[in-house]
Structures are given as structure tokens and as C-alpha cells.
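Architecture and fold: a report
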Amino acid sequence: MILWRGIIEEFRKFLPVSEQTPVISLSEGNTPLIRADRLAKKICPQVELYLKVEGANPTGSFKDRGMTLAVSKAMEKQVRAIMCASTGNTSAAAAAYGAKAGLPVYVLVPAGKIALGKLAQAMVHGAIVFQIEGNFDQALRIVRELCAEDEYELVNSLNPFRLEGQKTAAMEVCDQLGTAPTFHFLPVGNAGNISAYWKGYREYHTAGQIHYLPKMMGFQAEGSAPIVHGHVIENPQTVATAIRIGNPASWKLALQAVDESSGKIAIVTDEEILSAYRALAAEEGVFCEPASAASVAGVTKCSQAGLLPEGATVVCTLTGHGLKDPDIAVETSTRPRTVKATREDVLALLRA
Ligand code: F0G
């Protein structure tokens, strides 16, 4: 068996690292690409559907790919501490990789709007967590100002090493499929990931690893869709808290990715997101967090609109693990029933 050494070692020649860069890794990457035939039969029978399960990363989201590089480069630069604003997953990854590096970690999150699992991760890894009475966009503004003063290293996706690390997911998809997909579907929040995937695909194309490029398809939640509407949303809302963002940092890069690839950025409703979330769990045995399901909700929409031709290969990135947000899982599923501890009582329920 060949051991996976994490994305920096596996994709070293595509990444801005040298022999001097200390590698801080939790063996992220190498996540499953699962063929989803049962789900495809329901939502897009004319195509081959695959799920890139990024919830299988060490902290349960795609952020680990970017964080391994951002934290390794921060160590190389000998920073004193790292800092980020987050809707939850970035803070979990920063906390874990910061712990691995022995660096202090400061995170700002919107009070009451981060899923319980993510908050638990940031806390258990020992990050200093500040809950601000505001949203992600406000938290990011504060963090950018504080990091400009040089004491703290910013590890949000404005840090270019984050996108460099995240681009490796696109390369992995190509390695796993043996080619590029026809379409790549992603949720869009701060808009870094779709930009990173596009960079990864383009670099693999330049390197001769693939011979065509996929169309990049990004999906924002209805109440948090600044890119689709073309203006900042002051008070973004959505059940998918991970993408509850009204002023994405990588707005321009995301538009460039969809323009250059002839893809698009569009809207899915919270209802469509939750319906895709349940279908993924029920049809494919894959438990992702609500924001992740925006990609599959997008596939459903595009398929209904006749945008996915017969025989196309469609990859959806499922960005985070379902256990990140246990409250939503419990709220949207059938409650267990409680009975007396006898065979008869259980049988009576079974037959009811
Ligand atoms: N899916 C999940 C699960 C996320 O956590 C995020 C972003 C996205 C999708 C959107 O990715 O921002 O690159 O467009 N989460 C960030 C955070 C904002 O703080 O964890 P994006």
C-alpha cells in the first residue's frame, strides 16, 4: 500500500513550496469521488454523476487543502499567530492546523450563525474564538484590518496560498476520472473555492494532464446571492450558514472562472438545498452539510432546464461533512420514537 502524504507532497510541483517550507499536514486530500447512479436516476438520468466528498478531509471540509499550505507558509515566514473570519469551516481548519503547527489561532465568527460541530472544533483545538454581533462580511472586514498591522497572519482565502492548496481538488478529480469532467458544480460563498478549482483545471490543462476544460457551475443560496444579483447583500440569509455571505472576497475571480469556462453562477432556494441534502443522504448514503448540497440542487435545476446534454460527466463537490451541522439533520429528519424496553412494545411499533 502506498501511503498518501497530504496535498503538499502529492502535488508539490504545482505548489509554491520549497525545501525550506516546513510541511504542516494532517494528510488531507485523496477524498472519494463516488459515482451517484441512484441520485442521477432521480435528478439527471441523461448524465454520469459523481460526488467529490470533501467532508472526508481531516477536519471534515475542503478547507484543509488550503489550510495546510497557508499554515505551512505562515510557519516558513515565522509568523506569531494566525487569524481568520469564518462561517465555521475555515475556523475549524485553522484551529486544527494551527494546533499541529503550535501557533496561536484567533477566529471571528458570526454569533449564533455557525453550526455546532464547527464551533466545537474551533474550541477543542484551542483557538481563541470571538463571536461578533454581526455577519461574516463584517467579521472579515475587521480581520483584514487587524492583519494589515502584521501581527497576525490572515488565513482566509484572501491569502493566496489558500486557493493554491484548494486547486489540488480539481487535479484529484482529473486523476480519479482519468479526464476532466464536462461540468463541475460547486456551492459559492466567499467564492474562493470555485476560483481555486478553475485554477487547478487550467494548470492541469497546461501541464498536458487533461485535454479540455470543464464548465464551472456555481450556486448561491437565494437570500445570499450577491454575485447573481450583481450587488452586495447587506443582510444575507440562508439555512446553509456556511455560504451566508453578502460580499464575497473572490467575487471577480469567480466571475472570471465562469466566464472563461462558459459556465454560470445561479441561485438555488433553501428548499431546493434541503431537498438535495436529504436526497444525497437517502439515495447515496452521503451525509453532507446543507451548503454542500447547493451543488446538487444546482444539477437538478440545470437538468430540468435542459442544460446538461446526454452523456455529459458531472462532478459535484460536497464541501463539508453532515456532522458539522447536527441541528439541521435532526430538525429535518423523522424523530425517533421512544418505547418501553420490551420485545412486545418494539413489535407493536414495528407493526403500527
Ligand atoms: N461549502 C462549505 C461547507 C463552506 O464552508 C464554504 C465556505 C463554502 C461551501 C463556500 O466556499 O467560500 O470558497 O465560495 N466557508 C467559509 C468558511 C466562508 O468560513 O468556512 P467559498
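Residues numbered from 1 in each chain as written. Predicted model: local features only at pLDDT ≥ 70, side-chain atom pairs only at ≥ 80, totals over all residues. Heavy atoms only, no water.

- Per an unreviewed UniProt entry, the protein chain goes by the name Threonine synthase and belongs to Candidatus Nitronereus thalassa.
- As its UniProt record puts it under Catalytic activity (unreviewed entry), the protein chain is described as follows: "O-phospho-L-homoserine + H2O = L-threonine + phosphate".
- Its UniProt record, at the heading Cofactor (unreviewed entry), says of the protein chain: "pyridoxal 5'-phosphate". (UniProt positions renumbered as here; feature names shortened; annotations may be inferred.)

Observations regarding the overall build of the protein chain
- Of the regular secondary structure elements, the protein chain holds 15 helices and 10 strands.
- For the protein chain, whose C-alpha radius of gyration is 20 Å, the value lies close to the compact-globule estimate of 20 Å for 352 residues.
- Once the C-alpha set of the protein chain is aligned to its principal axes, its extents read approximately 65 × 50 × 50 Å.
- Considering the protein chain as a whole, with its 352 residues, one finds that 56% of them fall into the buried category.
- For the protein chain, long-range pairs separated by at least 24 residues make up 71% of all intrachain contacts whose partners lie at least 6 apart in sequence.
- Just so you have it, the protein chain exposes about 15300 Å², and 52% of that area is on carbon and sulfur atoms. (Helix = DSSP H or I, 4+ residues; strand = E, 2+ residues; numbered from the N terminus. Rg over C-alpha atoms; globule rule 2.2 N^0.38 Å. Buried < 20%, exposed > 50% of the residue type's maximum accessible area, 1.4 Å probe, protein only. Contact = heavy atoms within 4.5 Å. Areas by Shrake-Rupley, 256 points an atom, 1.4 Å probe, with all protein chains shown as cover.)

Focus on the packing of aromatic side chains
- With the rule as written, the count across this model stands at 7 aromatic pairs.
- Three or more aromatic residues joined by ring pairs make a cluster, and in this case those are Phe183, Phe185 and Phe219. (Phe/Tyr/Trp six-rings, centres within 6.5 Å; stacked < 30°, edge-to-face > 60°.)

Focus: the sheet that holds strand β7 (residues 183–187)
- Pairing within the open sheet is mixed, and its 6 strands lie in the order β1-β2-β10-β7-β8-β9. On the outer flanks of this sheet lie β1 (33–35) and β9 (264–268), each paired with one strand and no other. For this sheet, the mean inter-axis angle between neighbouring strands, taken without regard to orientation, is 25°.
- The pairing of β1 with strand β2 (residues 48–53) spans 3 bridges and is antiparallel. When the bridges of β2 are listed, Ile34 appears paired with Leu51. (Pairing = 2+ DSSP bridges. Axes fitted to C-alpha atoms, helices over the stretch in contact; angles between N-to-C directions.)

Focus on the site of the ligand
- Close to the ligand lie 20 residues, the nearest being Ser86, Asn190, Ala191, Asn193 and Thr319.
- Take Ser86: an N or O atom from its side chain is 2.7 Å from an oxygen atom of the ligand.
- Measuring from an oxygen atom of the ligand, one finds a side-chain N or O atom of Asn89 at 2.8 Å.
- Relative to its unbound accessible surface of 470 Å², the ligand loses 98% to contact with the protein.
- Elements with a minimum of two residues in the shell around the ligand: α4 (89–101) and α9 (192–206).
- Along the lines of polarity and charge, the residues of the shell around the ligand split into 8 nonpolar, 10 polar and 2 charged.
- There are two domains that each give the shell around the ligand at least three residues, and those are domain 1 (7–61 + 162–331) and domain 2 (63–158). (Near = heavy atom within 4 Å. Polar contact = N/O pair within 3.5 Å; in protein donor to acceptor, adjacent residues only side chain to side chain. Nonpolar A, V, L, I, M, F, W, Y, C, P; charged D, E, K, R; others polar. Domains from an automatic or database assignment.)

Notes on unusual backbone geometry
- You will see that Ser27, though not glycine, has its phi angle at about 65°, which is positive.
- Mapped onto the elements, Ser27 comes out in the loop between α1 (7–10) and β1.
- On the accessibility criterion, Ser27 (36% relative accessible area) is partly exposed.
- Here Asn30, not a glycine, exhibits a phi torsion of approximately 55°, which is positive.
- Summarising the element assignment, Asn30 is placed in the loop between α1 and β1.

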